[in-house]
Amino acid sequence: MTKDDQDMTTATPPETDASQGDRIRQGRIDKLTQWRDQGINPYPYTFDKSHGNQELQDKYKDLPTGEETSDVVHVAGRIMAMRNSGMFIDLQDPTGKLQVFCHKENLSEDQLAGVKLLDIGDLIGATGTVRRTPRGELSIKVTDFKLLGKSLLPLPEKFHGLTDVETRYRQRYLDLIMNPESRDTLLKRSLLVTEIRQFMIAKGFIEVETPMLQGIAGGAAAKPFITHHNTLDQDMFLRIAPELYLKRLIVGGLAEKVFEMNRNFRNEGISPRHNPEFTMLELYQAYADYNDMMDLAEELVEAVALKVLGTTEITFGEHTISLKRPWARKTMIGAVLEETGVDFAKIETAEDARKAAKDLGVQVKDNESWGSVVEQVFEVKIEESLIQPIHITDYPRDISPLAKEHRDNPRLVERFETRINGWEVFNAFSELSDPLDQRGRFESQLEAREAGDDEAHQMDEDYVTALEYGMPPTGGMGIGIDRLIMLLTNSANIRDVIAFPTLKVK
RNA sequence: GCGAGCGUAGCUCAGCGGUAGAGCACCCGCCUUUUAAGCGGUAGGUCCUGAGUUCGAAUCUCAGCGCUCGCACCA
């Protein structure tokens, strides 16, 4: 301990005008000093924990009320409650709660004095025997304990917990301490991500990493974040998608099946379903097409749901959703025809399409293309009602500049988006591998950009060059991992499945 | 970006022109088989910030900051 530490932790009487929070903290710093005065480091190095709390709850679930064992265990966690001057302490670890019982019969004078220096929020380790109290609570009859970390700040009140939404996200550690549901959701996220990764690897995909800092933000229609590399004196973009790099790896033949599951960044609005940085799984499989991708999507979701949730029937809000294969498949134009009676396949010009949309009450701009109009009619009239998983297939060509022309219809491409609970969760194509066609598509995008669409794709010459060396037929798919996890954890807000969601800097 | 709502003690919330309230937590005392909270007592506040209206503002008005929801953009 340095002299400065001494000065900081030496007790000074609380100033009369100090706020309550300051006084609580100062009182705990005083206790910290008392621990040190007794030669005890309140921030020690290790503890040899033998069991998790839930592990003991499970192991001794049949131990009768009032029964004592001679089984010695070492538990550790955070003090969440103390009753009768510390005789009963609720200890919380990531798995659950366990009561520790500090009776004066089992502790020395020094140890009893130490109990008085404990506060709610402190981290302790305890050694003792397992028993179930006459009131039926599994407890550890403590014969020794160790302070593992002194807490200086008071925890939120335990009955109502921490409900303030802003504090929950800004100080996620507090949320995790206080709210088991938050812990469950983020733990489940981890399990789901692990299962997704293992599913991909079991299918023969290799995991790769491609640039997050890109000179051209390609692969999607979105506004990028701009940053700057000092030594190169060059602006760079945080990627909006890994797509073009992953396909370069397919061209190069690194593997015939690759995937990347990592962050994308899009400089767009924040909402309960959008975070500026979000996790996407993108995968590419040579010699496959979008039909193969549909099968893979279904297999993946069914497999991870069964593995982590044990079921393919999930509840989301009011809805019960079945993830069991096979999922419905409908063409976009077919879905629109079914819902509205308008067959856009028979509408030749953009002008007629815009008129048809307006007749349906869908607002479209005067320069909107045929494909864009079809998509908007679909989104306005149908999207929200698609609760059960469904692949919407065969998108208009002009809104899909990286997808291969449909084998039966040149106005369309071989692309699908899968909707679950009305949300786009999957987006996949038979990848465009014709370099001359790709160049033309980029050029159309450049025209759109010049016409004011700042989310149109940028020309990526090197990507076209890669295609000119030859890319095999390839199926590719992107999966919004956060949304999938929202569905699988019944989370209404994307921030509930992201440990540290984007917030305005205070 | 636009619209609506919210911001009071460490936490959860009342109060809505007339001296700032409660429960829990804290602190003190009692208590050693309690469990949202053992029992009793004390103390605790730039009422988000700044301007204005008023004799007087937590309360009304305006602006700013932050948050939430909806819309727009999008996954």
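All figures in this text were calculated on a predicted structure; none of them were measured in a lab.

Cut-off values and rules
Residues numbered from 1 in each chain as written. Chains lettered and ligands numbered in written order. Predicted model: local features only at pLDDT ≥ 70, side-chain atom pairs only at ≥ 80, totals over all residues. Heavy atoms only, no water. Near = heavy atom within 4 Å. Polar contact = N/O pair within 3.5 Å; in protein donor to acceptor, adjacent residues only side chain to side chain. Helix = DSSP H or I, 4+ residues; strand = E, 2+ residues; numbered from the N terminus. 1 Å grid on protein atoms, 1.4 Å probe; cavity = no way out; pocket = protein on both sides within 12 Å on 5 of 7 lines; lining within 4 Å. Points joined across faces, edges and corners; volume = space filled by probe spheres on them. Nonpolar A, V, L, I, M, F, W, Y, C, P; charged D, E, K, R; others polar. Axes fitted to C-alpha atoms, helices over the stretch in contact; angles between N-to-C directions. Parallel < 35°, antiparallel > 145°, perpendicular 65-115°, else oblique. Left-handed = near helix turned anticlockwise from the far one by under 90°. Contact = heavy atoms within 4.5 Å.

*Asks:* What should I look at first to understand the protein's contact with RNA strand B in this one?
*Replies:* Close to RNA strand B lie 51 residues; R135, K158, H274, R483 and R495 are nearest. The share of sugar and phosphate among atoms of RNA strand B within 4 Å of the protein is 60%. A distance of 2.8 Å separates a base oxygen of RNA strand B from a polar atom in the side chain of R83. Interatomic distance of 2.9 Å between a backbone N/O atom of D164 and a phosphate oxygen of RNA strand B. Among the elements of the structure, α2 (20-37), β1 (68-83), β3 (96-101) and α5 (165-170) are those that each provide at least two residues to the surface near RNA strand B.

*Asks:* Could you clarify how one ought to interpret the layout of surface pockets in this entry?
*Replies:* To find leftover empty space, one rolls a probe the size of a water molecule over the atoms. Taken as a whole, the second largest pocket spans an internal volume of roughly 240 Å³. As for the second largest pocket, its lining consists of 14 residues, of which R189, R263, V497, I498 and A499 are closest to the centre. Contributions of two or more residues to the lining of the second largest pocket are made by α7 (180-202) and β11 (277-286). Across the lining of the second largest pocket, the residue classes break down as 7 nonpolar, 3 polar and 4 charged.

*Asks:* Is there a simple way to explain the packing of helix α10 (residues 332-340) against helix α12 (residues 370-381) in this structure?
*Replies:* Each pair of packed helices can be described by the angle between their axes along with the distance between the axes. Contact pair α10 / α12: the axes reach a minimum separation of 10 Å and the direction vectors enclose 55°. One way to sum up the angle between α10 and α12 is to call them oblique. The hand of the α10/α12 crossing is left-handed. Judged by residue contacts, M332, I333, A335, V336, E339 and T340 of α10 engage W370, V374, E375, V377, F378 and K381 from α12. Of the residues contributing to the contact of α10 with α12, the split by class is 8 nonpolar, 1 polar and 3 charged.

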